[in-house]
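Listed below, chain by chain, are the residues.
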Amino acid sequence: MDITTCQNWDEELAALERQGLKRCLRDVTGAQGRKIILDGKEVLNFCSNNYLGLADDPRLRRAAVECIEQEGIGSGASRLVCGNMTALRELEETIARFKGAESCLTFSTGYMANVGIISSVFGRDDIIFSDRLNHASIIDGIILSQARFKRYPHNDMEALEKMLRAATGFRRRGIITDSVFSMDGDIASLDKIVELARQYDCLVMIDEAHALGVMGKNGKGLAEHLGVEDKIDIQMGTLSKAAGSFGAYCCGSKALIDFLINKARSFIYTTAMPPAVAAAAQRAVEIIRDEPTLRQKLWMNTEYFKKGVDQMGFNTLKSQTPIIPIVVGESSVAVEFSRRLLEEGIFVSAIRPPTVPAGTARLRLTVMATHTREDLEYTLEKLRVIGKDLNFV
Ligand SMILES: *Cc1c(COP(=O)(O)O)cnc(C)c1O
């Protein structure tokens, strides 16, 4: 085969560059906090999912270090082979108790959880209804499952019902949705979804990645916030965002969890999470459970900041969470906006297609509990000045 056509990486990269879609990595030194050292320069961090500031919390560090001293680094093998270490079992028990679930299984990442859960629960004879804005890992799980894949327009419950009514003759039917949408910051209509699921005999699976520690009176997620916890069959979430650590969980019935242990390939055919990571995540779940003040601070900051952004007239879609998008349209404009903010010492990523639909490139700002009032005021002022220069406000 001709080496130039089979290895034309440069051409494809150049095409991305022309469309303003080329991505590159930037160096962060030191810890993930409200400020980070980016390419050697200290900047305010407005793009992390570390909502509660737990990623560099001394209590998580200590939990990890103590566990390393006891249990070492690696877990040796898949959990089914010889890697089911104490720290992992304890993490699962803590999560299950916190969430009020019968049982819990952890996965190494949220991506792996979604791929493993969806591709084992659903198969060729099944049908899945999925919100158009669901996370890429959900979509990959659906594709891998080989189930019929029906995407409904974002949060459009009438369209979903129409699809449900038309879908007959399948073995298993499922509705899958992000609970907080990661790029829009709005929330799923879970109350309506569980109602439809009951009416049309569907399983409901939610992805609480951006909701654990953020939503609900006790930080258990959107299902708690909307009072539908006992009506969700599969509650997946991650430990990598508000919990400031790494990994993911699935809560559900004991039978479901036993099924996943036997069938989910991203659980079976991978080395277990390092025990120290589990120990840190467990500490994070305990902090989320025991310290509502962190969450209250996050929401105070969110309300203050969101109000400021909205007053300037930016398009923040229907954001109702600490994820605040500013939609600018063209990718090149989003990149320019982000670059100008960085010049002022504020780090905000430009989010472009294919992560978001074409023509809706945006800045995605995330508020943290640990941002100070000065951080928020300074950033609002720079958004106003640069937004004006770029003709948005
Ligand atoms: C981040 C995210 C994931 C993936 O979780 P990781 O632990 O980072 O792999 C899955 N679903 C949603 C909605 C997410 O935002």
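Residues numbered from 1 in each chain as written. Predicted model: local features only at pLDDT ≥ 70, side-chain atom pairs only at ≥ 80, totals over all residues. Heavy atoms only, no water.

(A) Structural context of the domain arrangement of the protein chain. According to the domain assignment, the protein chain consists of domain 1 (20–49 + 293–390) and domain 2 (58–290). Residue-level contacts link 20 residues of domain 1 with 22 residues of domain 2. Both sides together, the interface formed by domain 1 and domain 2 hides about 1,400 Å², and carbon and sulfur atoms give 59% of it. Together, Asn49, Arg295 and Ile323 form the three largest contributors to the area buried by domain 1 at its contact with domain 2, with a combined 39%. (Domains from an automatic or database assignment. Contact = heavy atoms within 4.5 Å. Buried area = accessible area lost by both parts, 1.4 Å probe.)

(B) Highlighting the nonpolar core. By size, the foremost hydrophobic cluster in this structure holds 63 residues, and its most contacted members are Leu160, Ile175, Leu190 and Leu239. At 9 residues, helix H13 (residues 275–290) tops the list of elements feeding residues into this core. Counting contributing residues, this core receives three or more from each of domain 1 (20–49 + 293–390) and domain 2 (58–290). If near-sequence neighbours (up to four positions away) are discounted, Leu160 is found in contact with Phe129, Tyr152, Ile175, Ile193 and Leu196. (Core = buried A, V, L, I, M, F, W, Y, C linked by side-chain atoms within 4.5 Å. Buried < 20%, exposed > 50% of the residue type's maximum accessible area, 1.4 Å probe, protein only. Helix = DSSP H or I, 4+ residues; strand = E, 2+ residues; numbered from the N terminus.)

(C) Layout of the packing of aromatic side chains. For the structure on display, the rule yields 4 aromatic pairs. Ring geometry for Phe107 and Phe267: centres 6.1 Å apart, planes at 70 degrees, overall edge-to-face. Here Phe267 lies in helix H12 (residues 265–268) and Phe107 lies in strand S4 (residues 103–107), a separation of 160 residues in the sequence. By relative accessible area, Phe107 is classed as buried at 2%. Positioned above the aromatic ring of Tyr304, the side-chain terminus of Arg373 is 3.8 Å from the ring centre. (Phe/Tyr/Trp six-rings, centres within 6.5 Å; stacked < 30°, edge-to-face > 60°. Lys NZ or Arg CZ within 6 Å of the ring centre and 35° of its normal.)

(D) Looking closely at a nonpolar patch on the surface. On the surface, a nonpolar cluster with roughly 290 Å² of combined accessible area is contributed by Trp9, Leu13 and Leu16. With respect to the element layout, Leu13 can be found in helix H2 (residues 9–18). (Patch = residues over 30% accessible without salt bridge, like charges linked within 9 Å, V, L, I, M, F, W, Y side chains within 5 Å. Areas by Shrake-Rupley, 256 points an atom, 1.4 Å probe, with all protein chains shown as cover. Salt bridge = Lys/Arg side-chain N within 4 Å of Asp/Glu carboxyl O.)

(E) Fine view of the side chain of Ser245. With respect to the secondary-structure elements, Ser245 resides in the loop between strand S9 (234–238) and strand S10 (248–252). Under the relative-accessibility criterion, Ser245 is labelled buried at 18%. Polar contacts involving the side chain of Ser245 include one to the main-chain carbonyl oxygen of Ala243, which spans 2.8 Å. Sequence-distant contacts of Ser245, defined by excluding residues within four places in its chain, comprise Leu60, Leu239, Ser240, Ala280, Ala281 and Ala284. (Polar contact = N/O pair within 3.5 Å; in protein donor to acceptor, adjacent residues only side chain to side chain.)

(F) Highlighting the environment of Arg34. Within the fold, Arg34 resides in the loop between strand S1 (28–29) and strand S2 (35–38). Placed 335 residues apart in sequence, Arg34 and Ala369 show a C-alpha to C-alpha distance of 8.9 Å. The contacts of Arg34, once residues within four sequence positions are left out, are Val43, Leu44, Asn45, Met368, Thr370, His371, Thr372 and Asp375. Separated by 2.6 Å, the side chains of Arg34 and Asp375 make a polar contact.

(G) Representation of the packing of helix H5 (residues 86–99) against H13 in the model. For the pair H5 and H13, interaxial distance at closest approach is 8 Å and the crossing angle is 20 degrees. The orientation of H5 with respect to H13, classified from their angle, is roughly parallel. Our pair here, H5 against H13, has a crossing hand that is left-handed. Counting all contacts with H5, which are made through Ala87, Leu88, Glu90, Leu91, Thr94, Ile95 and Phe98, the residues of H13 involved are Pro275, Ala278, Ala281, Gln282, Val285, Glu286, Ile288 and Arg289. (Axes fitted to C-alpha atoms, helices over the stretch in contact; angles between N-to-C directions. Parallel < 35°, antiparallel > 145°, perpendicular 65-115°, else oblique. Left-handed = near helix turned anticlockwise from the far one by under 90°.)

(H) Fine view of the site of the ligand. Around the ligand there are 14 residues in total, and Gly110, Tyr111, Asp207, His210 and Lys241 lie nearest to it. At 3.5 Å from a nitrogen atom of the ligand is found a side-chain nitrogen or oxygen belonging to His135. Burial of the ligand by the protein chains amounts to 85% of its free accessible area of 380 Å². For the shell around the ligand, the element with the highest residue contribution is helix H6 (residues 110–121), accounting for 3 residues. In the shell around the ligand, the residues fall into 2 nonpolar, 9 polar and 3 charged. (Near = heavy atom within 4 Å. Nonpolar A, V, L, I, M, F, W, Y, C, P; charged D, E, K, R; others polar.)

(I) Quick peek at the pattern of salt bridges. Per the counting criterion, the structure on display carries 22 salt bridges. Of the charged contacts, one joins Arg59 and Glu291 as a salt bridge, the two residues approaching to 2.5 Å between their closest N and O atoms. Taken as a pair, Arg59 in helix H3 (residues 58–71) and Glu291 in the loop between H13 and helix H14 (292–311) lie far apart in primary sequence, 232 residues in all. Accessibility expressed as a relative area gives 27% for Glu291, which makes it partly exposed. Note that Arg89 is salt-bridged to Glu93, the shortest N-O span being 3.0 Å. Of the two residues, Arg89 and Glu93 are both situated in helix H5; the distance of 4 residues between them amounts to about one turn of the helix. Each of the salt bridges in this network shares a partner with another, and the network as a whole consists of Asp57, Arg59 and Glu291.

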